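# Observations on the three-dimensional arrangement
These are the residues of each chain, in order.
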Amino acid sequence: MITDEELVRAGTALDDRFGAERATAFGQALPGLVADLIDRWELEVREVLPSGATSVVLAVTDLTGTAGALKVSPDAEFLARQSTMLTHLAPTGRVPRVLHEDASAGAVLLEQVLPGETLDSSRATPPTPQEWADLLQDLHGTSTVGVTDLLRQRCEDMFRRIGARQALERVSAHIPRELWAHTVQECQSLLETDREQVVIHGDLHLGNVLRSQEHGLVVIDPKLCVGDRCFDLVDFVVTNGTSDQMTTRALELAPLVGIDAERVLRWCRVNAVATAISRTTWTGPDEWTQTLLEFAQQR
């Protein structure tokens, strides 16, 4: 059983996303909120699990001994949307089941995926191209009905956000404006020529995929939108290795999902430049940033 002090610290640690004042208030309220939830849903809290910047995640067990993940967030609307997205993907068997939800409290109880390690963990077995292709086939086969967000809107937001970072002198010294302008133009061209318009996860990096004992690869934290299914391929390709190794991964994956390899590579180059700009903004240029830029400019 975790202590109130641990819960307060976990909630307060969300200050990067919500600001110190809001995160502190959330942390102070968290022990009482969790106590109410575990009483109503008859749970036992085991530990705090690693999580992102938007919620506190607790490993819990119900009266039957079933393991669950209790997510609580200061942003109740965000968590409710995420729950809706998981429910949308539920028929695929590729997401944890939503067991309970309290939208007003900003809380959702999910089936805990075991053993629970994301694919970006050093202990995780890397996914094969066929595993990734099978995952994508299941996710992209869901209905677009009810999914209102569009990939185009996400990319337009990315243009503004990443563009502002590229304009910083410490970034533009390493990643020229001309390269970013070409990247934006390339992304717009890809959006204009997409004719498929399927439901995509929208944030399918290895940290959002777990290997389940029962269901194979399982995804978490979807940001569902409708758009080019290539978008869900890029983080499998642009993840590690040399420029040539990333190209090889794209060439291996493309035929497994029935997509033109050059189109996959074009999306991956867009992703590589955006990632390089973000890395340079926060940590400065490094060897991986240089590899990303080499890959992005490879033709």
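Numbering of residues begins from 1 in every chain and follows the order in which that chain's sequence is written. Reporting in this predicted model follows two pLDDT cut-offs: at least 70 for local features of residues, and 80 or more for side-chain atom pairs to be given and counted; totals over whole chains, interfaces and linings ignore these cut-offs and use all residues. The side-chain quantities take in all heavy atoms of the structure and omit both hydrogens and water.

As annotated in an unreviewed UniProt entry, the protein chain carries the name Aminoglycoside phosphotransferase family protein and is attributed to Ornithinimicrobium faecis.

## A word on the environment of Leu-37
Note the cut-off: What counts as a helix is a DSSP run of H or I of at least four residues, what counts as a strand is a run of E of at least two, and both are numbered from the N terminus. A simple rule labels every residue: compare its accessible area, found with a 1.4 Å probe on the protein chains alone, to the largest value its type can have, and call it buried under 20%, exposed over 50%, or partly exposed in between.
In this structure, Leu-37 sits in helix H3 (residues 20-40). Leu-37 sits in the buried class, given a relative accessible area of 0%. Between the C-alpha atoms of Leu-37 and Ala-23, which are 14 residues apart in sequence, the distance is 19 Å.

## Here we look at the nonpolar core
Taken as a class, soluble globular proteins show a tendency for nonpolar side chains to be buried jointly. Operational definition: Think of a nonpolar core as a cluster: buried Ala, Val, Leu, Ile, Met, Phe, Trp, Tyr and Cys residues, connected wherever their side-chain atoms sit within 4.5 Å. Only heavy atoms enter the contact rule, under which two residues are in contact if any of them lie within 4.5 Å.
Counting residues in hydrophobic clusters, the biggest one holds 65 residues, and the most contacted among them are Trp-132 and Trp-267. Sort the elements by how many residues they give to this core and helix H11 (residues 261-283) lands first, with 10 residues. Setting aside residues no more than four positions away along its own chain, Trp-267 makes contact with Leu-151, Cys-155, Cys-187, Leu-190, Leu-191, Asp-228, Cys-230, Phe-231 and Val-234. Judged by nonpolar contacts, the second largest core, of 20 residues, contains Val-45, Val-56, Leu-70 and Leu-109.

## What to know about the pairing of strand S7 (residues 209-212)
To keep things clear, this is the line we draw: For two strands to count as paired, DSSP must find a minimum of two bridges between them.
Note: S7 against strand S8 (residues 216-219), four bridges, orientation antiparallel. Note on S8: the bridge partner recorded for Ser-212 is Gly-216. Connecting S7 to the next strand, S8, in antiparallel fashion are three residues.

## Comments concerning the pattern of salt bridges
Which entries qualify depends on this criterion: We define a salt bridge as a side-chain nitrogen of Lys or Arg found within 4 Å of a carboxyl oxygen belonging to Asp or Glu.
The tally for this structure, following the rule as stated, stands at 18 salt bridges. Ionic pairing is found between Arg-263 and Asp-228, a salt bridge with its closest N-O pair at 2.7 Å. Linking Arg-263 in helix H11 with Asp-228 in the loop between strand S9 (225-227) and helix H9 (234-237), this pair joins segments that are 35 residues apart in sequence. In this structure, Arg-263 and Asp-228 share a single accessibility class: buried. Salt bridges sharing common partners tie together Asp-36, Arg-40 and Asp-102.

## Observations regarding the packing of helix H6 (residues 151-166) against helix H8 (residues 177-192)
Just so we agree on the cut-off: Here, axes are lines fitted to C-alpha atoms. For helices the fit covers the stretch in contact, and angles between N-to-C directions go from 0 to 180 degrees. Should an angle fall under 35 degrees it is called roughly parallel, over 145 degrees roughly antiparallel, and 65 to 115 degrees roughly perpendicular, with every other angle called oblique. When residue character is reported, Ala, Val, Leu, Ile, Met, Phe, Trp, Tyr, Cys and Pro are called nonpolar, Asp, Glu, Lys and Arg charged, and the others, Gly included, polar.
Across the interface, H6 lies against H8 with an axial gap of 11 Å and an inter-helix angle of 180°. Accordingly, the angle class assigned to the pair H6 and H8 is roughly antiparallel. Contacts from Leu-151, Arg-152, Cys-155, Met-158, Phe-159, Ile-162, Gly-163 and Gln-166 in H6 reach Arg-177, Trp-180, Val-184, Cys-187, Gln-188, Leu-191 and Glu-192 in H8. Grouping the amino acids of the contact of H6 with H8 by side-chain chemistry returns nine nonpolar, three polar and three charged.

## Some details on helix H1 (residues 4-12)
Defined as follows: What the arc covers is the set of directions going from the helix axis to the C-beta atoms.
Residues Leu-7, Val-8, Ala-10 and Gly-11 constitute the buried set of H1. Looking down the long axis of H1, one finds its buried residues gathered within 165° of arc, a one-sided arrangement. The outward face of H1, more than 90 degrees from its buried face, is lined by the exposed residues Glu-5 and Arg-9. On its buried face, H1 sits against H3, strand S1 (43-49) and strand S2 (56-62).

## Remarks on empty space enclosed by the protein
Inclusion rule: For cavity detection a 1 Å grid was placed over the protein atoms alone, and a set of points counts as a cavity when a 1.4 Å probe fits there but cannot get out; an open set counts as a pocket when protein lies on both sides within 12 Å along at least five of seven lines, with lining residues being those that have an atom within 4 Å of a point. Grid points are joined across faces, edges and corners, and a volume is the space filled by probe spheres set on the points.
Scanning the entire structure with this criterion turns up one cavity of 30 Å³ or more. The space that makes up the largest cavity amounts to roughly 60 Å³. Lining of the largest cavity is provided by Leu-179, His-182, Thr-183, Glu-186, Arg-266, Arg-269, Val-270, Val-273, Ala-296 and Arg-299. Breaking the lining of the largest cavity down by element, the ones donating at least two residues are H8 and H11. The residue makeup of the lining of the largest cavity, split by class, is four nonpolar, two polar and four charged.

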